[in-house]
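Tertiary structure, described
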Amino acid sequence: MTELLLPRHVENRILFIRGCRVMLDADLAEVYGATTKRLNEQVKRNRARFPPRYMFQLTSREKSEVVANCDHLAKLKFSPVLPFAFTEHGAIMLASVLNSKTAIKASIAVVDAFVRLRELLSTHKDLARELKELEKKYDAQFRVVFDAIRELMEKPATKLLRIKGFKPD
């Protein structure tokens, strides 16, 4: 299996857009060993397999933000086409419409990457719950320790890049 198909490589391509974890058509095409054009042709031919909960097209504003924040997507900057974003289920469905050995192998890496992210999020929630239980059991002398751990667990504030001509929501 090439580095391209390792779950770690795929994990780095999963974005959070409109409250969903998604991968863009250009990244999935690379993972599945197809061109973005061919991938999108197959999606259009099999549109019934891709309901809105599996796939959506980015707005021009979303595209601009993704291009500004993801160096590997710089090639999309001057493309007139708005990319498609695929949820986990949409990414898996792509393997069936592309129907190649590479697509089948790659779909396993994609599934593994989404599952790993889900597990990491679950572990984080379990840790927070256990910390609360420990805090209830021990007295105030450990409060400083608990506060420090909680601070480390908090998500870092994501900084939105300002793009000239765009007003933040």
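Residues numbered from 1 in each chain as written. Predicted model: local features only at pLDDT ≥ 70, side-chain atom pairs only at ≥ 80, totals over all residues. Heavy atoms only, no water.

1. With respect to the overall build of the chain
Along its length, the chain carries seven helices and four strands. Reading the chain from its N end, one meets helices and strands in the order α-β-β-α-α-β-α-β-α-α-α. The buried share of the chain, taken over its 169 residues, is 34%. By element, 57% of the accessible surface of the chain is carried by carbon and sulfur atoms, the whole surface being about 11600 Å². (Helix = DSSP H or I, 4+ residues; strand = E, 2+ residues; numbered from the N terminus. Buried < 20%, exposed > 50% of the residue type's maximum accessible area, 1.4 Å probe, protein only. Areas by Shrake-Rupley, 256 points an atom, 1.4 Å probe, with all protein chains shown as cover.)

2. Focus on the pattern of salt bridges
For the structure shown, the criterion picks out three salt bridges. In this structure, Arg13 and Asp27 form a salt bridge, with 3.1 Å as the shortest nitrogen-oxygen distance. Residue Arg13 is located in the loop between helix H1 (7–11) and strand S1 (15–17), and its partner Asp27 is located in helix H2 (residues 25–32); the two are separated by 14 residues in the primary sequence. Residue Arg13 is classed as buried on the basis of its relative accessible area of 13%. Note on Asp27: relative accessible area 2%, which makes it buried. Note that Arg18 is salt-bridged to Glu62, the shortest N-O span being 2.8 Å. (Salt bridge = Lys/Arg side-chain N within 4 Å of Asp/Glu carboxyl O.)

3. Focus: the nonpolar core
The biggest cluster of nonpolar side chains holds 24 residues, and the ones touching the most others in it are Met23, Leu28, Tyr32, Leu39, Phe86, Leu94 and Val110. If you list the elements that add at least two residues to this core, you get H2, helix H3 (36–45), strand S4 (84–86), helix H5 (88–98) and helix H6 (101–137). The dominant element in this core, judged by the number of residues it contributes, is H6, at six residues. With residues near it in sequence (within four places) discarded, Leu28 still touches Met23, Leu39, Phe86, Ala91, Leu94 and Val110. With 13 residues, the next largest nonpolar core counts Val22, Leu24, Phe56 and Leu76 among its residues. (Core = buried A, V, L, I, M, F, W, Y, C linked by side-chain atoms within 4.5 Å. Contact = heavy atoms within 4.5 Å.)

4. With respect to the sheet that holds S1
Taking strand neighbours across the sheet as the criterion, the four strands line up as S1-S2-S4-S3 in an open arrangement whose pairing is antiparallel. For this open sheet the edge positions go to S1 and strand S3 (55–57), each flanked by a neighbour on one side alone. Across this sheet, the average inter-strand angle for adjacent strands is 45°, counted without regard to direction. Bridge count between S3 and S4: three bridges; the pairing is antiparallel. Residue pairing in the sheet places Gln57 in a bridge with Phe84 of S4. (Pairing = 2+ DSSP bridges. Axes fitted to C-alpha atoms, helices over the stretch in contact; angles between N-to-C directions.)

5. Considering the packing of aromatic side chains
Enumeration over the complete set of coordinates arrives at one aromatic pair. Where Phe50 meets Phe86, the ring centres are 5.9 Å apart and the plane angle is 80°; that geometry is what we call edge-to-face. Linking Phe50 in the loop between H3 and S3 with Phe86 in strand S4, this pair joins segments that are 36 residues apart in sequence. Its relative accessible area of 3% is what places Phe50 among the buried residues. (Phe/Tyr/Trp six-rings, centres within 6.5 Å; stacked < 30°, edge-to-face > 60°.)

6. Side note on H5
What H5 keeps buried is the set Glu88, Gly90, Ala91, Leu94, Ala95, Val97 and Leu98. Asn99 sits one or two positions beyond H5 and adopts a positive phi of about 50°.

7. Things to note about the side chain of Glu62
When you line up the elements, Glu62 lands in helix H4 (residues 60–69). Once residues within four sequence positions are removed from consideration, Glu62 is found in contact with Ile17, Arg18 and Gln57.

8. Quick look at the side chain of Thr87
Relative to the helices and strands, Thr87 is located in the loop between S4 and H5. Engagement of the side chain of Thr87 in a polar contact is seen with the backbone oxygen of Arg53, the distance being 3.1 Å. Among all residues touching Thr87, those that are not within four sequence positions of it are Arg21, Val22, Arg53, Tyr54 and Phe114. (Polar contact = N/O pair within 3.5 Å; in protein donor to acceptor, adjacent residues only side chain to side chain.)

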